Amino acid sequence: MNAALAGGILIVLYTGMIASADGITKMIAGGYEAPQLFVLSGLLVVAFSASAVRMKKGETLRVRSKKAMAIRSLLTVVASVAFFQAFRLLPFADVFLFIGLTPLIVAAISGPLLGESPRPLAWVALAVGVGGMLFLMPGGVSAAQTGHIWALVASVTGSISMLMARYIGKIEKVALAQVFWPNLALVLTMAVALPFVWRPMELGDVVWIAGYAVFLFGARYVSVEALRLLPAYVATPLMNLQFIWMVAIGFFAFGEVPGVGTVLGVMLVIASGLWLVVEETLAADKAASSRGFIAHSRKAKRV
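Owing to the predicted nature of the structure, the values given are computational and were not obtained by experimental measurement.

**Q** Explain the nonpolar core residue by residue, including any values.
**A** In terms of nonpolar packing, the biggest core is built from 54 residues, with Ile11, Tyr14, Leu37, Phe38, Tyr212 and Leu230 touching the most fellow members. For this core, the secondary-structure elements that each account for two or more residues are α1 (2-29), α2 (34-55), α3 (66-89), α7 (146-171), α8 (175-197), α9 (203-229) and α10 (232-238). Setting aside chain neighbours within four positions, we find isoleucine 11 in contact with Ala226, Leu230, Ala235, Leu238 and Met239. Judged by nonpolar contacts, the second largest core, of 14 residues, contains Phe87, Leu90, Phe98 and Met246.

**Q** Quick rundown of the packing of aromatic side chains? Include the residues and the values.
**A** The final tally for this structure, using the stated rule, is six aromatic pairs. With a centroid separation of 5.7 Å and an interplanar angle of 65°, the aromatic rings of phenylalanine 48 and phenylalanine 217 are classed as edge-to-face. Taken together, the residues phenylalanine 48 in helix α2 and phenylalanine 217 in helix α9 connect sequence positions 169 residues apart. Take phenylalanine 217: its relative accessible area is 16%, and that puts it in the buried class.

**Q** Describe in detail empty space enclosed by the protein, supporting the description with residues and values.
**A** Gaps between atoms show up when a probe of the same size as a water molecule is rolled over them. A complete count under the given rule lists one cavity of 30 Å³ or more for this structure. In this model, the largest cavity occupies a volume close to 580 Å³. Forming the boundary of the largest cavity are 33 residues, of which Tyr14, Ile18, Phe83, Met162 and Arg220 lie nearest the centre. Looking at the lining of the largest cavity, the elements that each hand over two or more residues are α1, α3, α7 and α9. If you tally residues by element for the lining of the largest cavity, the top one is α3, at eight residues. Considered class by class, the residues forming the lining of the largest cavity number 18 nonpolar, twelve polar and three charged.

**Q** Residue-level account of helix α11 (residues 242-254), with values.
**A** Residues lying three or four places apart along an α-helix face the same way, a consequence of the helix completing one turn every 3.6 residues. An ideal rise of 1.5 Å per residue puts 18 Å on 13 residues; α11 measures up with 17 Å between its terminal C-alpha atoms. Taken residue by residue, α11 has Gln242, Phe243, Met246 and Gly250 as its buried positions. Buried residues of α11 fall within an arc of 90° about the axis and therefore sit on the same side. Phi turns positive one or two residues past the end of α11, at glycine 255, with a value near 70°.

**Q** I'd love a proper account of the side chain of aspartate 22, names of residues and values included.
**A** Topologically, aspartate 22 is positioned in helix α1. Those residues in contact with aspartate 22 that lie beyond four places of it in its chain are Phe87, Phe92 and Gln242.

**Q** Tell me what's going on with the packing of α3 against α7, and back it up with residues and numbers.
**A** It is the contact of α3 with α7, at a shortest axis distance of 7 Å, that shows an interaxial angle of 150°. The orientation of α3 with respect to α7, classified from their angle, is roughly antiparallel. For the pair α3 and α7, the crossing hand works out as left-handed. Across the contact of α3 with α7, the residue classes break down as 20 nonpolar, eight polar and one charged.

**Q** Describe the pattern of salt bridges, with residues and values.
**A** Scanning all chains against the criterion turns up two salt bridges. Here glutamate 33 ties to arginine 88 by a salt bridge, and the two come within 3.3 Å at their closest N and O atoms. Of this pair, glutamate 33 sits in the loop between α1 and α2 while arginine 88 sits in helix α3; the two residues are 55 residues apart in sequence, bridging distant segments of the chain. Overall, glutamate 33 belongs to the partly exposed group, its relative accessible area being 32%. Overall, the relative accessible area of 29% leaves arginine 88 in the partly exposed class. Residue arginine 64 is joined to glutamate 172 by a salt bridge in which the shortest nitrogen-to-oxygen separation is 3.9 Å. With arginine 64 in the loop between α2 and α3 and glutamate 172 in the loop between α7 and α8, the pair connects residues that are 108 residues apart, well separated along the chain. Residue class for glutamate 172 comes out buried when judged on its relative accessible area of 6%.

Calculation rules
- Every chain's residues receive numbers from 1 upward, in the order its sequence appears when written.
- Per-residue local features of the predicted model are confined to residues with pLDDT of at least 70, and side-chain atom pairs are confined, for both listing and counting, to 80 or more; whole-chain, interface and lining totals are unaffected and use all residues.
- Excluded from the side-chain calculations are hydrogens and water; all other atoms, namely the structure's heavy atoms, are used.
- What is meant by a nonpolar core is a set of buried Ala, Val, Leu, Ile, Met, Phe, Trp, Tyr and Cys residues, joined one to another through side-chain atoms within 4.5 Å.
- For every residue, the accessible area obtained with a 1.4 Å probe (protein chains only) is divided by the maximum for its type, and the residue is called buried under 20%, exposed over 50%, and partly exposed between those limits.
- Elements are defined by DSSP. Helices are runs of H or I of four residues or more, strands are runs of E of two residues or more, and each kind is numbered from the N terminus.
- Should any heavy atoms of two residues lie within 4.5 Å, those residues are considered in contact.
- To pair, rings of Phe, Tyr and Trp, with the six-membered ring standing in for Trp, must have centres within 6.5 Å; the planes then decide the type, stacked if under 30 degrees apart, edge-to-face if over 60, and tilted in the middle.
- For each structure, a 1 Å grid was placed over the protein atoms alone; sets of points admitting a 1.4 Å probe that cannot get out are labelled cavities, open sets with protein on both sides within 12 Å along at least five of seven lines are labelled pockets, and lining residues have an atom within 4 Å of a point.
- Grid points are joined across faces, edges and corners, and a volume is the space filled by probe spheres set on the points.
- Gly is placed with the polar residues, together with every amino acid not listed as nonpolar (Ala, Val, Leu, Ile, Met, Phe, Trp, Tyr, Cys and Pro) or charged (Asp, Glu, Lys and Arg).
- To estimate the expected span of a helix, count its residues, drop one, and scale the result by 1.5 Å.
- In this description, the arc belongs to the directions extending from the helix axis to the C-beta atoms.
- Axis angles are defined between N-to-C directions and span 0 to 180 degrees, where every axis is a line fitted to C-alpha atoms and, for a helix, only to the segment in contact.
- For classification, angles of less than 35 degrees are called roughly parallel, those exceeding 145 degrees roughly antiparallel, those between 65 and 115 degrees roughly perpendicular, and all remaining angles oblique.
- Crossings are assigned a handedness: left-handed for a near helix turned anticlockwise from the far helix by less than a right angle, right-handed for a clockwise turn.
- By definition, a salt bridge exists where a carboxyl oxygen of Asp or Glu is found within 4 Å of a side-chain nitrogen of Lys or Arg.

Below is the structure:
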């Protein structure tokens, strides 16, 4: 129960930080290309990770799961670029439609990858959450544009990257390494294209990119810790709380006003996320009680 509560709190913190980073991404995407944002911010995140490792006893950047980390790093690069393009081409609300698909994608592949097939009630909660996303779809699937394709690619690769984070987290405790290596891969990949798209930057934009790096570092570190405490199919629906932050940022920074469908969708998403946390907590309590009863029975037999 304590793990579920701690994981839930970390997810809420994550949603605030990642939504702030997304807001900066949308702003920067209006004047610069992806390599310029990701090289500068990635270098800062890598530096933050390396510095934090030095301050934490027992933490290391070395991993035994090298293949899994390489896959996670590659997926992070693809998802980062795809989300950048999606935020450039679509309003915040439209991008969130595809972020909201994450729970369904995770639920579909978490079983074979992590052995965490959700229970029947969890499937119902996931269906309710995905149903909430349908309220936000403007014009239906037939209205899909290039930005929607980028967003779908970002959602799929980002979801698998999250699963890889939990897979690695179950084998070894290397939270900072899971931030360091994907961002280093992002820096090295984007550095190849940077000379062809570089534009001189004003000091204010440099400050915004530094802020993006701070939010991104915090969000990714917190998400890795949260995915160690909660099953992926529980954590990812809770991440839909990010939409609340995105609505606020979209309204105050970009003048986007959510409609009635948006509000209904958000209500269903939040309800399904809370349902999953409660269901997970009750299941954990039941399992603990069952183990206690079995242990008590064995002790009584010995007596």
